[in-house]
Amino acid sequence: MVNNSDSIATDPLGRSRTEIGFEVSLAILVCLACIPGNLLVTYVINKDSRLKSITNTFIRNLALTDISMATLHMPFWIVSLYTGTWNFSQRWCEISAMIQFTLGIASILNMGVIALNRYIRVVKPALYSRIFPSKRTAWFYCVLVWLVALLCATPPLYGWGKFEFHAKFSVCTFSWKIEQISYLILVVGGVVNGCTVAIFYCYYKIYQTVKQSSLNLNAHNVGNQCVNARRTDIKLLKASFTVVCVFVMTWGPVSIVVVIETAGCKIPREVFATVIYLMFSSSYVNPIIYGIMNPQFQLAFKKALSCGRYGNDNVNQNCTGNGASKRTTNDEGRLAVSTQNSAFSKTLTTEQSVSEHKDATMLGSVLE
């Protein structure tokens, strides 16, 4: 047994016992936090027929990716944090790194596909049925995400760079050296930066479109629709801002660090440790911003948590109470805003009514 005074000398990273305990405890909390939220998202999508939509197919795929990251990769990260070194074979180091890269890239691509799906549905609705005609097509896109992730993650296994243990990250990862800058360009420049730009653009255009629809409703002074439009506008702004900021905060720092390291600059270990925590934290934040903050899921979560299971129709009715009568949702999750159009459409011209109906319907569905 090594005492506290000798711990700095014996730990490969020069850490004290307190530092080791803190880092390992925090890593365990991150790992454990990833599982409940993602499991709940997956469970309610599978059990609630109202949530079996195209967009939610992508959200479930993202949740499964995050669960896999927490169960297949993070435990090796925790062990390496504790010992300060890699405790398994080099071959398993390569497999562990490939798993991390595959799941990380798949997670990023899933978030990009979700943003694209929402963008087309709100901004380009005429194209939606062509690009996302059915849930079978959505499953095809999910499979495509995994194939692209594997394609991007496996080159080091057959000669394009190499995977090795990175002591400062405490994980097996790509050997970030200037000689392998082409792979850096592929992963950071193509996948991370490409998806970042796409997500920024999609949510910005969504917000612009919803804002314009709100102004259209306000211009016609259509009472409750104006209030609902303003509320939707505010909710969408918060949701879009949250999605973009969380993505940048969790994946941006680690991308910047590997670029700096590839350039040959020295970075303190504390920076490496911080950015890897941020990267893994995206796996427990995703179910919050894509699930818990999503109006579609809130009633389903309450039902699942209050009843503990989904049973027959009577059980479901008892769980939902009056909530089910207050809100009817089709497969694509449109909110009840659109159903109020008939109350005011009689006072407007036919042409105005059609336009406002489209605006209200879009406002109601965009927060899915």
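Residues numbered from 1 in each chain as written. Predicted model: local features only at pLDDT ≥ 70, side-chain atom pairs only at ≥ 80, totals over all residues. Heavy atoms only, no water.

**Re the nonpolar core**
Working step 1: Counting 89 residues, the largest nonpolar core has Met-74, Trp-77, Phe-169, Tyr-203, Phe-280 and Tyr-290 as its most contacted members.
Working step 2: With 17 residues, helix α4 (residues 90–123) is the single largest residue contributor to this core.
Working step 3: Those residues in contact with Tyr-203, other than ones at most four positions away along the chain, are Ile-114, Ala-115, Arg-118, Ser-240, Val-243, Val-244 and Tyr-290. (Core = buried A, V, L, I, M, F, W, Y, C linked by side-chain atoms within 4.5 Å. Buried < 20%, exposed > 50% of the residue type's maximum accessible area, 1.4 Å probe, protein only. Helix = DSSP H or I, 4+ residues; strand = E, 2+ residues; numbered from the N terminus. Contact = heavy atoms within 4.5 Å.)

**Quick notes on the packing of α4 against helix α9 (residues 269–292)**
Working step 1: Close contact between α4 and α9 brings their axes to 11 Å; oriented N to C, the two are set at 30°. Considering the angle they form, α4 stands roughly parallel to α9. As α4 packs across α9, the resulting crossing turns out to be left-handed. Along the contact surface, α4 presents Gln-100, Ser-107, Met-111, Ile-114 and Arg-118, while α9 presents Met-279, Asn-286 and Tyr-290.
Working step 2: For the contact of α4 with α9, the per-class residue count stands at four nonpolar, three polar and one charged. (Axes fitted to C-alpha atoms, helices over the stretch in contact; angles between N-to-C directions. Parallel < 35°, antiparallel > 145°, perpendicular 65-115°, else oblique. Left-handed = near helix turned anticlockwise from the far one by under 90°. Nonpolar A, V, L, I, M, F, W, Y, C, P; charged D, E, K, R; others polar.)

**A look at the pattern of salt bridges**
Working step 1: Within the structure shown, the criterion is met by eight salt bridges.
Working step 2: For Arg-91, the salt bridge identified is with Glu-94, shortest N-O distance 3.0 Å. Taken as a pair, Arg-91 and Glu-94 lie in helix α4 at a separation of three residues, close to a single helical turn.
Working step 3: Among the salt bridges present, the one from Glu-164 reaches Lys-162, with a minimum N-O distance of 3.6 Å. (Salt bridge = Lys/Arg side-chain N within 4 Å of Asp/Glu carboxyl O.)

**Examining the state of the cysteines**
Working step 1: Considering all chains together, one arrives at one disulfide under this definition.
Working step 2: The side chain of Cys-93 participates in a disulfide bridge whose partner is Cys-172; the two sulfur atoms lie 2.0 Å from each other. Disulfide Cys-93 to Cys-172: torsion about the S-S bond roughly -120°, handedness left-handed. Linking Cys-93 in helix α4 with Cys-172 in strand β2 (residues 171–174), this pair joins segments that are 79 residues apart in sequence.
Working step 3: Considering cysteine sulfurs only, Cys-34 is the nearest to Cys-31, which forms no disulfide, with 6.3 Å between them. (Disulfide = S-S within 2.5 Å.)

**Side note on the pairing of strand β1 (residues 163–166)**
Every regular strand shows the same layout, with side chains that alternate between the two sheet faces.
Working step 1: As defined by bridge partners, β1 adjoins β2 across four bridges and the pair is classed as antiparallel. By the bridge assignment, Phe-163 is partnered in β2 with Phe-174.
Working step 2: Where β1 folds back on β2, the antiparallel hairpin that results is connected by four residues, among which Ser-170 adopts a positive phi of roughly 65°. (Pairing = 2+ DSSP bridges.)

**Some words on the UniProt feature "transmembrane region" (unreviewed entry) in the chain**
Working step 1: Listed under "transmembrane region" (unreviewed entry) in the UniProt record, and renumbered for this structure, are residues 20–46, 58–78, 98–117, 138–161, 181–204, 239–260 and 272–293.
Working step 2: Taken end to end, residues 138–161 is 67% helix and 0% strand, and its two terminal C-alpha atoms sit 33 Å from one another.
Working step 3: For residues 272–293, the end-to-end C-alpha separation is 30 Å, with 95% helix and 0% strand making up the annotated structure. (UniProt positions renumbered as here; feature names shortened; annotations may be inferred.)

**Considering a nonpolar patch on the surface**
Working step 1: Judged by side-chain polarity, Phe-140, Val-143, Leu-144, Leu-147, Val-148 and Leu-150 come together as a nonpolar surface patch covering roughly 510 Å² of accessible area.
Working step 2: Along the chain, Leu-144 falls in helix α6 (residues 135–153). (Patch = residues over 30% accessible without salt bridge, like charges linked within 9 Å, V, L, I, M, F, W, Y side chains within 5 Å. Areas by Shrake-Rupley, 256 points an atom, 1.4 Å probe, with all protein chains shown as cover.)

**Quick notes on the confidence of the model for the chain**
Working step 1: Chain-level pLDDT for the chain is 80 on average; 75% of the residues reach the 70-or-more range.
Working step 2: Note on residues 1–6: pLDDT under 50 across the span, and six contacts to partners over four residues away in sequence or across chains.
Working step 3: Low pLDDT (under 50) marks residues 311–364, which in the prediction has 79 contacts with non-local residues, meaning those over four places away or in another chain. (pLDDT = per-residue confidence, 0-100.)

**Some words on the environment of Val-143**
Working step 1: In this structure, Val-143 sits in helix α6.
Working step 2: Taking the relative accessible area as the measure of exposure, Val-143 reaches 47% and is therefore partly exposed.
Working step 3: With 82 residues separating them in the primary sequence, Val-143 and Asn-61 have C-alpha atoms 9.4 Å apart.

**Digging into α6**
Working step 1: With 19 residues, α6 should reach 27 Å at 1.5 Å per residue; the first-to-last C-alpha distance of 27 Å fits that figure.
Working step 2: Taken together, the buried positions of α6 are Thr-137, Ala-138, Cys-142, Val-145, Ala-149, Cys-152 and Ala-153. Viewed along the axis of α6, the buried residues span an arc of 150°, placing them on a single side of the element. Facing away from the buried side of α6, by more than 90 degrees, are the exposed residues Arg-136, Leu-147 and Leu-151. (Expected span 1.5 Å × (residues − 1). Arc of directions from axis to C-beta.)

**Digging into helix α2 (residues 17–47)**
Working step 1: Between its first and last C-alpha, α2 extends 46 Å over 31 residues, near the 45 Å set by a 1.5 Å rise per residue.
Working step 2: Buried within α2 we find Ile-20, Glu-23, Val-24, Ala-27, Val-30, Cys-31, Cys-34, Asn-38, Val-41, Thr-42, Val-44 and Ile-45.

**Points about the packing of aromatic side chains**
Working step 1: Evaluated as defined, the whole model comprises 21 aromatic pairs.
Working step 2: For the ring pair Phe-76 and Phe-88, a centre distance of 5.4 Å and an interplane angle of 80° mean the geometry is edge-to-face. Here the residue Phe-76 occupies a position in helix α3 (residues 54–83), and Phe-88 occupies one in the loop between α3 and α4, the gap between them amounting to twelve residues.
Working step 3: A centroid spacing of 4.5 Å and a plane angle of 35° characterise the contact between Phe-174 and Tyr-183, whose relative ring orientation is tilted.
Working step 4: With a relative accessible area of 1%, Phe-174 lands in the buried category.
Working step 5: Aromatic rings pair up to connect Phe-101, Trp-160, Phe-163, Phe-174, Trp-176 and Tyr-183 into one cluster. (Phe/Tyr/Trp six-rings, centres within 6.5 Å; stacked < 30°, edge-to-face > 60°.)

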